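# Breakdown of the fold
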Amino acid sequence: QVQLVESGGGSVQAGGSLTLSCAASGRTVSRYVLGWFRQAPGKEREFVAAIRWSGDSRYYGSSAKGRFNISRDAAKATVFLQMNNLKPEDTATYYCGARLYALRVDIASQYEFWGQGTQVTVSS
């Protein structure tokens, strides 16, 4: 089992920034991909960004490219999502997920473990 705990959500105005954190515990995550997804009411869970714990390769969804940055702190087993220039359409619950190493990192249904989510609200 991998336990994931997200934090850092909140309310900001458009153009602002937030940094989300996802602390992992339980099994060692060295063989895992850690990903961020978001889900707005009535919509499907959307891929935001992912990072391979081993090798540090990073991937971004179209909505995140150029504005968001995913990183990790290996010593703290924590993944961060730095979000800049936030827009009202970024409003959603953001979830951290973990899956074993795989070629695809953007498919939510293939993630094995999830955190409880953290709410991000961006006002215009």
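Right above here is the structure, for reference.
Please read these numbers as outputs of a predicted model, since none were measured by experiment.

Conventions adopted
- Residues numbered from 1 in each chain as written.
- Predicted model: local features only at pLDDT ≥ 70, side-chain atom pairs only at ≥ 80, totals over all residues.
- Heavy atoms only, no water.
- Buried < 20%, exposed > 50% of the residue type's maximum accessible area, 1.4 Å probe, protein only.
- Helix = DSSP H or I, 4+ residues; strand = E, 2+ residues; numbered from the N terminus.
- Pairing = 2+ DSSP bridges.
- Core = buried A, V, L, I, M, F, W, Y, C linked by side-chain atoms within 4.5 Å.
- Contact = heavy atoms within 4.5 Å.
- Phe/Tyr/Trp six-rings, centres within 6.5 Å; stacked < 30°, edge-to-face > 60°.
- Lys NZ or Arg CZ within 6 Å of the ring centre and 35° of its normal.

### Some thoughts on the pairing of strand β4 (residues 32-39)
For β4, the tally of buried residues reaches seven of eight residues, placing the bulk of the element in the interior. Relative to strand β9 (residues 92-100), β4 runs antiparallel, the two sharing eight bridges. Following the sheet pairing, Leu 34 is matched in β9 by Ala 98. Bridging between β4 and strand β5 (residues 46-52) involves six bridges; their strand directions are antiparallel. Across the sheet, the residue bridging to Gly 35 is Ala 50, located in β5. Counting the residues between successive antiparallel strands, the hairpin from β4 to β5 contains six residues, one of them, Gly 42, with a positive phi of roughly 80°.

### Points about the nonpolar core
Residues Leu 4, Leu 34, Trp 36, Leu 81, Met 83 and Tyr 94 are the most contacted members of the largest nonpolar core, which totals 30 residues. Looking at this core, the elements with two or more residues in it are β1 (2-7), β3 (18-26), β4, β5, β7 (68-73), β8 (78-83), β9 and β11 (118-123). In this structure Met 83 touches Gly 16, Ser 17, Leu 18, Leu 20, Arg 67, Phe 68, Tyr 94 and Val 120, once residues within four positions along its chain are discounted. Core analysis: the second largest hydrophobic core is formed by seven residues, Phe 47, Ala 50, Val 105 and Tyr 111 among them.

### Remarks on the packing of aromatic side chains
Enumeration over the complete set of coordinates arrives at five aromatic pairs. Aromatic pair Phe 37 and Tyr 111: ring centres 5.0 Å apart, planes at 75°, arrangement edge-to-face. One end of the pair, Phe 37, is in strand β4; the other, Tyr 111, is in the loop between β9 and β10 (113-114), and 74 residues separate them in sequence. Under the relative-accessibility criterion, Phe 37 is labelled buried at 0%. Plain terms: the ring middles of Tyr 111 and Trp 114 are 5.6 Å apart, the flat faces sit at 40° to each other, and that makes the pair tilted. Residue class for Trp 114 comes out partly exposed when judged on its relative accessible area of 27%. Among the aromatic residues, those joined into a ring-pair cluster are Phe 37, Phe 47, Tyr 111 and Trp 114. Over the ring of Tyr 95 we find Arg 45, and its NZ or CZ is 3.8 Å from the ring centre. In this arrangement the basic side chain of Arg 72 is found over the ring face of Trp 53, its NZ or CZ atom lying 5.3 Å from the centre.

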